[in-house]
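Analysis of the macromolecular model
Given next are the chains, with one letter for each unit.
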Amino acid sequence: MEKFGIHTFNKKMMKETLSESVYTKWKEAVRLKEDLDIETAEAIAHDMKNWAIKKGATHYSHWFQPLNGQTAKKQEAFLDRNINQEPIYKFSGKELLKSEPDASSFPSGGMRSTFEARGYTYWDPSANSFIIDKVLYIPSIFVSYNGEILDKRFPLLKSVNILSKEGSRLVNLFEKNKYCYRMRVKVGLEQEFFLIDKNLYEKRSDLKTSGRTIIGAKAPKMQEQDDHYFGVIPKRVQKFFEEVNEKLWALGIYGKTEHNEAAPCQFELASLFENVHIAVDDNLLIMNILKQTALENGMVCLLHEKPFEGVNGSGKHNNYSITTNYGLNCFDPGKNPRENYIFLLFVSALIEATDNYSALLRICSSSPSNDYRLGGNEAPPAILSIFLGKDLEELFNSIAYKTPLKEKKDKMKVYALGEVQVDASDRNRTSPIAFTGNKFEFRMLGSSKTPADINIILNCAIGLSLRKMADKLEKVEEKDLKEEALKIVSQIIHDHGRLVYGGDNYGDSWKEEAKKRGLKDYKRLFDALVGAKEDGCQRLFLESGILSEKEIKAIYEVQFEDLVKYHSLEARTMIHMVKKDVMPAVLAEIKDTKEALSGLDNPYLKKRLDKLNELLLRLFSEMEILTSDYKHSETIKDIFKRAKFLEENIVKSLRRVREICDNLEEEVSRKNWTLPSYEDMFNSLN
């Protein structure tokens, strides 16, 4: 416990090191979202520098989250010269508040070019600074010279402000004995990932370049025996987790739950709930620490959503809740949810927001890599729906359609325990969005994605829904308030209740049912990007004031650029691997088979030789198509048309080439097939 948070300049440390007046000014600036004066910034910078140097830090860095969804920093040494040209340690208030990294080399959707390189990072005083590897990290927002948003953090903070403002209005109508002046979005994230031996990873170009195996035949044993999930953690991985925990706890990150996931070599690490921008920071740090610690233990951490075909992929479950400044959870139904008007309204707002902006939620949950995962039997489909549980679904329908509520069973008998309390609902692991007692779990989010995007959309969309509710209810007399609140809930269920579904989302019957309900099925990220533009979903950002039209257009461009880069990289990797690995292996196998046949009259060997030759001919043919299509894609200048061509041609071509390569792997001997197999990788940690 004495080591928890030792590398974090947190509230406790600030209270110990800063003067009372400076600490109070910082606290008020964070609470009221006001600017810090330069004198206060100078005092904080001085004490922060001294603390960091005592902890061994030699550099500081503004740490930010550009539009590529990663993290970035530029290190500056504390070391400087004084007026006598002698070495000193220096860190000023101006240096704490602001830095200037290059803004032209990060994705900007055309907002910045090489000759417009100036950009600025500004300290976010509501987040803890921390030390990793002798560098003091200062969480910051990132904007261009003209003030355009170039990061994920700034819109996330703005989205929380919108939800806080509108949610407080609504809460204060019903909570007469308490005053809500601020609402917080609390998020808990579950991070799934794969670990494999580093020596095997180094022998596979596909894993090194794209993070997934673009070829690879099934192993004799995959995950069909269900013996890995929640099983004994391998000793090698247990040591890895111990080291990860030491690093997380030193940074004040509550790494909490760890276990084996369903697929071989797949694991999960979950952290405790935090304010949403801190939860995003923590998750991005967790991802980096997982990768770094794996390498230190002779392993590689794969965060790709689908690194292995035929087994479960990895997600990042985003558990979402909203609380007041005095601790009321607006998604907690309480003992009598029928009379809990705040709960009813906030859940209704989430239902309305999700239905109105389903395309945006599909976009921000996914990526080209997550398209390989969504819709499989280990992940929710790309069709958005909400699971409320039997009791709550019945409650909302009774309000909307004036039907009586059935008496629910609140206790059940369990052997040796007698009667125990029954949960309000069962869990539905097939639902993309599930109510889980006092929060909503968004399960579509991909494991490699930043959690910032999905929470920006949720905060803005729910905030706008709450605004409409507050606008109506503030005009109503107090005696009619509850009745009008139920009318709003009823109307939302009538208009958006099509989204509520308690059945099996994996089954084909749901796809048919969803089609009848008019729900969109965006099978690919590309489809959702097109759908969002056609539906005009971008109005959310304009109505909430989060982004300008120019910034929206830029982010849209970045999404298509990502699609182009991802599919082009996979095409180049496939061409490389087939030429360097697959074809030489097959030719060697053909040679060996011919040599065996030279002294034997064996029709089965002849048949095997013919099969190898037939597959090789098909491979040559498909490779000509893939290579030709890739070269043609590079001539397409329009980013939308290029992305569309790659989706419609390259992705399909890659699947056809993979099928042939996987068939060949099953035919070629271990001697000639030099690529590590699924069997090799799945058993590499034991």
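Scroll up for the structure.
The paragraphs below set out a description of the structure included in this document.

What counts, and at which threshold
- Residues numbered from 1 in each chain as written.
- Predicted model: local features only at pLDDT ≥ 70, side-chain atom pairs only at ≥ 80, totals over all residues.
- Heavy atoms only, no water.
- Helix = DSSP H or I, 4+ residues; strand = E, 2+ residues; numbered from the N terminus.
- Rg over C-alpha atoms; globule rule 2.2 N^0.38 Å.
- Buried < 20%, exposed > 50% of the residue type's maximum accessible area, 1.4 Å probe, protein only.
- Phe/Tyr/Trp six-rings, centres within 6.5 Å; stacked < 30°, edge-to-face > 60°.
- Polar contact = N/O pair within 3.5 Å; in protein donor to acceptor, adjacent residues only side chain to side chain.
- Contact = heavy atoms within 4.5 Å.
- Axes fitted to C-alpha atoms, helices over the stretch in contact; angles between N-to-C directions.
- Parallel < 35°, antiparallel > 145°, perpendicular 65-115°, else oblique.
- Left-handed = near helix turned anticlockwise from the far one by under 90°.
- Disulfide = S-S within 2.5 Å.
- Nonpolar A, V, L, I, M, F, W, Y, C, P; charged D, E, K, R; others polar.
- Pairing = 2+ DSSP bridges.
- Expected span 1.5 Å × (residues − 1).
- Salt bridge = Lys/Arg side-chain N within 4 Å of Asp/Glu carboxyl O.

What the protein contains, in helices and strands, is 21 helices and 20 strands. At 28 Å, the protein has a C-alpha radius of gyration in line with the 26 Å of a compact globule built from 686 residues. Considering only C-alpha atoms, the protein reaches an extent of 95 × 85 × 60 Å along its principal axes. A buried classification covers 56% of the 686 residues belonging to the protein.

Next up on the list: the packing of aromatic side chains. Remark: the centre distance and the inter-plane angle together describe each pair of aromatic rings, the angle taken between the planes. Under the definition given, this model contains 34 aromatic pairs. Ring geometry for Tyr-60 and Phe-78: centres 5.5 Å apart, planes at 40 degrees, overall tilted. With Tyr-60 in strand 2 (residues 59–64) and Phe-78 in the loop between strand 3 (72–77) and strand 4 (79–81), this pair connects stretches of sequence that are 18 residues apart. Judged by relative accessible area, Tyr-60 falls into the buried class, the value being 7%. The interplanar angle of 50 degrees and the centroid separation of 4.6 Å between the aromatic rings of Tyr-60 and Phe-91 together place this pair among those described as tilted. Of this pair, Tyr-60 sits in strand 2 while Phe-91 sits in the loop between strand 5 (87–89) and helix 4 (93–97), and the two are 31 residues apart along the sequence.

A few words now on the side chain of Arg-212. Tracing the backbone shows Arg-212 in the loop between helix 7 (205–210) and helix 8 (235–250). We classify Arg-212 as buried; its relative accessible area is 6%. Within the structure, Arg-212 has its side chain in polar contact with the side chain of Tyr-372 (distance 3.0 Å). When near neighbours in sequence (up to four residues on either side) are disregarded, Arg-212 contacts Asp-206, Leu-207, His-304, Lys-306, Pro-307, Tyr-372, Tyr-566, Glu-570 and Arg-658.

Their axes nearest at 10 Å, the elements helix 8 and helix 9 (residues 276–296) cross at an angle of 135 degrees. The angle between helix 8 and helix 9 places the two elements in the oblique class. Viewed along their axes, helix 8 and helix 9 form a crossing whose handedness is right-handed. Every residue of helix 9 that contacts helix 8 at Phe-240, Glu-243, Val-244, Lys-247 and Leu-248 is listed here: Ile-286, Ile-289, Leu-290, Gln-292, Thr-293, Ala-294 and Glu-296.

Counted under the stated rule, the structure contains 0 disulfides. Not engaged in a disulfide, the cysteine Cys-330 finds its nearest cysteine sulfur in Cys-180; these two sulfurs lie 7.2 Å apart.

Where helix 2 (residues 20–32) meets helix 3 (residues 38–54), the axes come as close as 10 Å, and the angle between the chain directions of the two elements is 110 degrees. By the angle class used here, helix 2 and helix 3 are roughly perpendicular. Note that helix 2 runs across helix 3; the crossing there is left-handed. Note on element contacts: helix 3 touches helix 2 through Thr-40, Ala-43 and Ile-44, opposite Val-22, Lys-25 and Trp-26. Considered class by class, the residues forming the contact of helix 2 with helix 3 number 4 nonpolar, 1 polar and 1 charged.

This brings us to the pairing of strand 11 (residues 255–260). Here strand 11 pairs with strand 12 (residues 266–271) via 5 bridges, running antiparallel. Bridging from a neighbouring strand, Asn-260 pairs with Phe-267 of strand 12.

Here helix 19 (residues 603–633) is 31 residues long and its end C-alpha atoms lie 45 Å apart, about the 45 Å a rise of 1.5 Å per residue gives. Among all positions in helix 19, only Leu-605, Leu-609, Leu-612, Leu-615, Leu-616, Leu-619, Glu-622, Met-623, Leu-626, Asp-629, Tyr-630 and Ser-633 are buried. The secondary structure elements touched by the buried residues of helix 19 are helix 18 (549–598) and helix 20 (639–667). Residue Asn-602 occupies the N-cap position of helix 19, its side-chain oxygen lying 2.9 Å from the main-chain nitrogen of Tyr-604.

With that out of the way, let us pick up the pattern of salt bridges. This structure, assessed with the given rule, holds 38 salt bridges. We note a salt bridge from Asp-453 to Lys-152, for which the minimum N-O separation is 3.0 Å. Highlighted residues: Asp-453 in helix 13 (residues 452–473) and Lys-152 in the loop between strand 9 (135–144) and helix 5 (153–174), separated in sequence by 301 residues. The residues Asp-453 and Lys-152 share a single accessibility class, namely buried. A salt bridge links Arg-204 to Asp-206; the nearest nitrogen and oxygen atoms lie 2.8 Å apart. There is no split in this pair, since Arg-204 and Asp-206 are both buried.

The topology assignment puts Lys-306 in the loop between strand 14 (299–302) and strand 15 (316–324). Of the residues examined, Lys-306 reaches a relative accessible area of 10% and is grouped as buried. Through-space distance from the C-alpha of Lys-306 to that of Lys-579 is 24 Å; in sequence the pair is 273 residues apart. A polar contact of 2.7 Å, which involves the side chain of Lys-306, links it to the backbone oxygen of Val-311.

Leu-525, Phe-526, Ala-528, Leu-529, Gly-531 and Ala-532 are the residues of helix 16 (residues 525–535) that are buried. Looking at the packing, one finds that the buried side of helix 16 touches helix 11 (358–365), helix 18 and helix 20. Once helix 16 finishes, Gly-536 follows within two positions and takes phi at roughly 70 degrees, a positive value.

Quick look at the environment of Ala-263 now. Here Ala-263 lies in the loop between strand 11 and strand 12. When near neighbours in sequence (up to four residues on either side) are disregarded, Ala-263 contacts Phe-194, Gln-223, His-228, Val-311 and Asn-312.

To continue, consider unusual backbone geometry. Despite not being glycine, Phe-230 has its phi angle at roughly 60 degrees, a positive value. Within the secondary structure layout, Phe-230 lies in the loop between helix 7 and helix 8. With relative accessibility at 55%, the residue Phe-230 sits in the exposed group. Non-glycine residue Lys-402 carries a positive phi angle of around 55 degrees. With respect to the helices and strands, the residue Lys-402 is situated in the loop between helix 12 (390–401) and strand 17 (411–414).

We now examine the environment of Ser-669. Along the chain, the position of Ser-669 falls in the loop between helix 20 and helix 21 (678–682). Given the relative accessible area of 25%, Ser-669 is considered partly exposed.

This brings us to the side chain of Glu-589. Along the chain, the position of Glu-589 falls in helix 18. Within the local environment of Glu-589, its side chain forms a polar contact with the side chain of Ser-669, the two groups lying 2.8 Å apart. A polar side-chain atom of Glu-589 sits 2.7 Å from a polar atom in the side chain of Asn-672. With near-sequence residues (within four places) excluded, Glu-589 lies in contact with Arg-608, Leu-612, Glu-667, Val-668, Ser-669 and Asn-672.

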